[in-house]
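Structural overview for review
Each chain, letter by letter, is given below.
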Amino acid sequence: MAISSLQARYLDSCKKHEVQPNSAVLAWFTQAKIRSSRNEKCRITISLDQLKDADILPLTNLLLSSDSADIDAVDIFLEFDSDLAKENVMALIHAVNQKLQVVDLQDLSLGNEFLGDLFQGCLACQVFNLRSTHVQKLNIAGSFLRLHTLNLDFCTSLASLHKDCFSCMPNLMRLSMCETRIANLLTTTGVLSKLPALMELRFQSCLCCNDTGPCPDLQRQHNLQSEVQEKDRFLVSDLKNATFTLKYITHHRSPLCFEKHYWDYMISSLPGLEVLDNFPIRKMEKELAMMTSAKYYEYLPYNRQLKESVVSVLHKREMGTNGVHCQKPFKPKQLHPYRNGHNFFLRSLCAAKLGSSMWPLLHPLSNFSHTFKAESKKLRPRQFEYHPSNPSLMVFGTLDGEVVVVNHENGKIVGYVPSIGAMSSVLGLCWLNKNPSKLVAGSDNGSLKLLDINYMSPEVSDSCCSSSVATFDDFEQLTSLHVNSTDNQLLASAYSKGVALYDIASGRRLQQFTNIHQEPINVAKFAHHSPYMFATSSFDHDVKMWDLRQNPMRPCYTASSSRGNVMVCFSPDDLYLLVSAVDNEVKQLLAADGKLHMNFDIASTGSSHNYTRSYYMNGRDYIVSGSCDEDVVRICCAQTGRRLRDVYLEDKESGNSLFVQSLRGDPFRHFHMSILATSTRPSSKCEIIKVSLLGSSYYAEEYSYGQCLHPSCCQGG
């Protein structure tokens, strides 16, 4: 059918639907006619900017009819804002879907509902360009089997990728996401690794390049460098050390690009990649990236190099072999005891489970909302601690001074103590070791109480109970407290330069050590096994080790950080001290003499209010670290410093980030932890989120404790 006939059919369609013909549509057919006369494909370019809603019906009817068979390809463009109804745009796309080549939607104002329909449907285009401020999380679940190029540049609200968002694009070769808000290097790379055909990728663009391909200037410099290196074997010494500096300037960076070793991790994790940020990747770049990535990142827990199934690990355990990557049939043999113990197979199982998913299971604790004086009372957590011997119990203190013991496995409250007016925000909690039904709670107004869960009310109420075993002398502006290993003494720090020592049995203050630091002390911790040794961390940049058997004004040693110290804790075996200073300065010291053992080299944000806290996980195998100005918890190997995983926090209801106020590794479950997360106003949500790195889904349920009116971000652990 001739193009001129197609124009006539369009005019007939307009007449049939009583619509005035659009001159722009007639012009598109004319341009297609010119291409056809040159023996080119009949390709029609539809500009949505030039259409009105009344134009859609006659145009779609024509494109859906058999009269459109001579049209080989259709491109759809939207360059400026359009008043078209979203259903009309979708109708037009569906009418030409199988002939779509390019869909280019710029400054899209059709909203989330239209994008949802687009992403969930079947789009047969080969190139898809989208620029929209409506996209916050990319969740594409439709069918895009022909798509080879996806450009999401300047989708400035796009902050994360759904784990399966590219599974419907098996032939995607080119992807660009410059000037987005994507920041999670590890999980983003995990998403991209599911693209088998990906060759060109951009999160920042070379200054002179408009697409994802290799920069021509860089390619020429690469070729020249290769020629010199080839001649280098034969030329005289004046060229022997010739080098070239590649002129490579990028702009429109996504936050991901500022992550340390971004380049190396991306290249090593995506072996099929040929171009990254317009930079051509050669064999040399790949080899260097593999070396750097192996130095700073841990592919699997406990230095496992290859992924293995849980079934395989269990089979080896039953067969009595520990060859993790054995390629031959299993043969029973005598093994060294330390290679065949419970921990070896536990670590192997953890590595197998963690390697199966990049996305941990995040499970907010159940909604503790109870009727309280005919109103719904929200418990707002400020501090929490796992029980030392019961894996199902946890205690948390609230911003209103309440103490709540909860079974965190089923979400039921075990015990509740109201504030009784005296206590304000609870900043200190510590279980006794030898009598674990008891715990000490302290608030920022100085109140200190010894409580017994056996006498706590199991219901949230305003009635007073007799759960308080003892009341200690007040210690104003309290920031932390800790019980020693023999349960006879309590150490308390305050927003001051000293600490106080209490007798737990009587509640009497035994000693007060004043001016042992130059600035306020944030945390004081006893050792796990010695009742006399304790460490203090202060905003004066110093961490000090003390022995109660020696001169109380002379520390065993002092170790310094470059910023104010927020947190210090002993490893479970007391061999190490984990020190966290402001803005991600995290290091591990030898507890014996304070010498540096490991610097975790976490990137700083530049904020002097980014208070960082770190704790041990899996005994002392790993550390978890988070900060109050960031929505990420980093998991690093305690012996090598290499990063294993990142866990990003998000409020599922609003899509906004949650920030880390406190966190703890689960002492009973490998690769489990809990995080006290808060959001900024207007929601100001506070919630405890349980995290399993061995899980495989996102939020298990939605939950909110309520509003946080008193963050106290710089105090306590």
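Computed from a predicted model, the values in this text were never measured in an experiment. (Residues numbered from 1 in each chain as written. Predicted model: local features only at pLDDT ≥ 70, side-chain atom pairs only at ≥ 80, totals over all residues. Heavy atoms only, no water.)

Some words on the sheet that holds strand β42 (residues 672-678)
Within a beta sheet, neighbouring strands are joined by backbone hydrogen bonds and run either parallel or antiparallel to one another. One open sheet holds the four strands; their spatial order is β14-β43-β42-β41, and the pairing between them is antiparallel. Each having just a single partner strand, β14 (361-364) and β41 (659-665) make up the two edges of the open sheet. Sheet twist, expressed as the mean angle between neighbouring strand axes with direction ignored, is 25°. Pairing between β14 and strand β43 (residues 686-692): four bridges, direction antiparallel. Within β43, the residue paired with Leu361 across the bridge is Ser692. (Pairing = 2+ DSSP bridges. Helix = DSSP H or I, 4+ residues; strand = E, 2+ residues; numbered from the N terminus. Axes fitted to C-alpha atoms, helices over the stretch in contact; angles between N-to-C directions.)

Points about the pattern of salt bridges
Any two side chains of opposite charge can pair, on the condition that their charged atoms come close. Taken as a whole and judged by the stated rule, the model has 19 salt bridges. Residue Lys260 is joined to Asp601 by a salt bridge in which the shortest nitrogen-to-oxygen separation is 2.5 Å. One end of the pair, Lys260, is in the loop between β11 (250-251) and α8 (262-269); the other, Asp601, is in the loop between β36 (596-599) and β37 (612-617), and 341 residues separate them in sequence. Look at Asp601 and you get partly exposed, because its relative accessible area is 37%. One salt bridge connects Arg549 with Asp547, and the closest N-O pair in it is separated by 3.0 Å. Among the residues examined, Arg549 registers a relative accessible area of 54% and is labelled exposed. (Salt bridge = Lys/Arg side-chain N within 4 Å of Asp/Glu carboxyl O. Buried < 20%, exposed > 50% of the residue type's maximum accessible area, 1.4 Å probe, protein only.)

Comments concerning empty space enclosed by the protein
In the structure shown here, the tally under the stated rule is seven cavities of 30 Å³ or more. Taken as a whole, the largest cavity encloses approximately 80 Å³ of empty space. Lining the largest cavity are 14 residues, with Leu427, Ser480, Leu481, Lys525 and Gly717 sitting closest to its centre. Broken down by secondary-structure element, the contributors of at least two residues to the lining of the largest cavity are β17 (381-386), β21 (426-431), β25 (478-483) and β29 (521-526). Among the residues making up the lining of the largest cavity, the classes are represented as six nonpolar, five polar and three charged. There is about 70 Å³ of room inside the second largest cavity. Along the walls of the second largest cavity sit Val499, Phe513, Ile516, Phe534, Trp546, Asp547, Leu548, Gln550, Asn551, Pro552 and Arg554, which together make up its complete lining. (1 Å grid on protein atoms, 1.4 Å probe; cavity = no way out; pocket = protein on both sides within 12 Å on 5 of 7 lines; lining within 4 Å. Points joined across faces, edges and corners; volume = space filled by probe spheres on them. Nonpolar A, V, L, I, M, F, W, Y, C, P; charged D, E, K, R; others polar.)

A look at α8
The element α8 is extensively covered by neighbouring structure, given that six of its eight residues are classed as buried. All buried positions along α8 are accounted for by Tyr262, Asp264, Tyr265, Met266, Ile267 and Ser268. Of the surrounding elements, those touching the buried residues of α8 are α6 (185-192), β9 (200-202), β12 (275-276) and α9 (283-296). (Contact = heavy atoms within 4.5 Å.)

Here's the deal with the UniProt feature "repeat: WD" (unreviewed entry) in the chain
Listed under "repeat: WD" (unreviewed entry) in the UniProt record, and renumbered for this structure, are residues 514-549. For residues 514-549, helix accounts for 0% and strand for 50%, while the C-alpha atoms at its two ends are 17 Å apart. (UniProt positions renumbered as here; feature names shortened; annotations may be inferred.)

A word on the nonpolar core
Of all hydrophobic cores here, the largest spans 79 residues; its most connected members are Phe128, Phe166 and Leu192. Residue contacts for Phe128: discarding those within four places in its chain leaves Val103, Leu105, Leu118, Phe119, Leu123, Phe144, Leu147, Thr149, Leu150 and Asn151. Residues Tyr576, Leu577, Leu589 and Val624 belong to the second largest nonpolar core, which totals 51 residues. (Core = buried A, V, L, I, M, F, W, Y, C linked by side-chain atoms within 4.5 Å.)

A closer look at the layout of surface pockets
Considered as a void within the structure, the largest pocket measures approximately 1,200 Å³ in volume. Considering the residues around the largest pocket, the lining is formed by 44 residues, among which Ala159, Ala183, Asn184, Asp631 and Tyr648 are closest to the centre. Listed by contribution, the elements that provide at least two residues to the lining of the largest pocket are β7 (160-161), α6, β39 (632-637) and β40 (643-648). Considering every element that reaches the lining of the largest pocket, the biggest residue donor is β40, with four residues. Residue classes in the lining of the largest pocket are distributed as 18 nonpolar, 15 polar and eleven charged. Here the second largest pocket is characterised by a volume of approximately 930 Å³.

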